[in-house]
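For reference, the chains in residue letters:
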Amino acid sequence: MSAAREFGFICGDVSVGQRNGLLLPRHEQSYFARSLIPGGEDAELSGRYLLRVYHKGSVVCKAKVEVAWGADDSEASPFLAIKVADATALTEALGKVGGKHVELRFTRIAKG
């Protein structure tokens, strides 16, 4: 696994839900499936990241998050789940760009 790992999603209609203390971002009512990220396993992609949310080329919010992969009987594959210290602030920030074209970019935070 490389020290610097980055992945992201571009979507036109972002929303966020919450379950069991985790934030669950969605695009057009679908969760972001792990299968959308080429390479890597759940364990490799899990961990601490800097999340930056872009709208029209500008960062509209950023936060240090813990990335995990949730599971549910209604979903075919694991999906993105985020743990963050201030879930309310991140939910409000994402709500401001809800329904708009955004990019969610996750950059691994180096250990040490």
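Residues numbered from 1 in each chain as written. Predicted model: local features only at pLDDT ≥ 70, side-chain atom pairs only at ≥ 80, totals over all residues. Heavy atoms only, no water.

*Asks:* So what exactly am I meant to see when it comes to the pattern of salt bridges here?
*Replies:* A side chain of one charge can pair with a side chain of the opposite charge if their charged atoms are brought near each other. Within the structure shown, the criterion is met by two salt bridges. The closest approach of N and O atoms between Glu-6 and Arg-52, which form a salt bridge, is 3.4 Å. With Glu-6 in strand 1 (residues 6–11) and Arg-52 in strand 5 (residues 47–55), this pair connects stretches of sequence that are 46 residues apart. Measuring nitrogen to oxygen at the nearest pair gives 3.1 Å for the salt bridge that ties Glu-103 to Arg-105. (Salt bridge = Lys/Arg side-chain N within 4 Å of Asp/Glu carboxyl O. Helix = DSSP H or I, 4+ residues; strand = E, 2+ residues; numbered from the N terminus.)

*Asks:* Whenever I open this one, the nonpolar core confuses me. Can you help?
*Replies:* For soluble globular proteins, nonpolar side chains are generally found buried alongside one another. Core analysis: the largest hydrophobic core is formed by 27 residues, its most contacted members being Phe-7, Val-65, Leu-90 and Phe-106. Mapped by element, the contributors of at least two residues to this core are strand 1, strand 5, strand 6 (58–70), strand 7 (79–84), helix 2 (87–96) and strand 8 (102–108). If you tally residues by element for this core, the top one is strand 6, at five residues. When neighbours within four sequence positions are excluded, Phe-106 is seen to be in contact with Arg-5, Glu-6, Phe-7, Phe-9, Tyr-49, Leu-50, Leu-51, Val-65, Val-67, Leu-80 and Ile-82. (Core = buried A, V, L, I, M, F, W, Y, C linked by side-chain atoms within 4.5 Å. Buried < 20%, exposed > 50% of the residue type's maximum accessible area, 1.4 Å probe, protein only. Contact = heavy atoms within 4.5 Å.)

*Asks:* In this structure, what is going on with unusual backbone geometry? I would like to understand it.
*Replies:* Trans peptide bonds make up most of the peptide bonds, and negative phi angles are found at most residues other than glycine. Phi at Asn-20 takes a positive value of approximately 50°, unusual for a residue other than glycine. Looking at where Asn-20 falls in the secondary structure, it is placed in the loop between strand 2 (14–19) and strand 3 (22–27). In this structure, Lys-56 is a non-glycine residue whose phi angle is positive, near 55°. Residue placement: Lys-56 occurs in the loop between strand 5 and strand 6.

*Asks:* Help me understand the pairing of strand 1, please; the structure alone is not making it clear to me.
*Replies:* A regular strand places its side chains so that they alternate between the two faces of the sheet. Covered by surrounding structure in strand 1 are Phe-7, Phe-9 and Cys-11 only, the residues Glu-6, Gly-8 and Ile-10 on the alternate face being uncovered. Pairing of strand 1 with strand 8 involves six bridges; the strand directions are antiparallel. By the bridge assignment for strand 8, Gly-8 is matched with Arg-105. (Pairing = 2+ DSSP bridges.)

No statement about biological role is implied by the geometric values presented.
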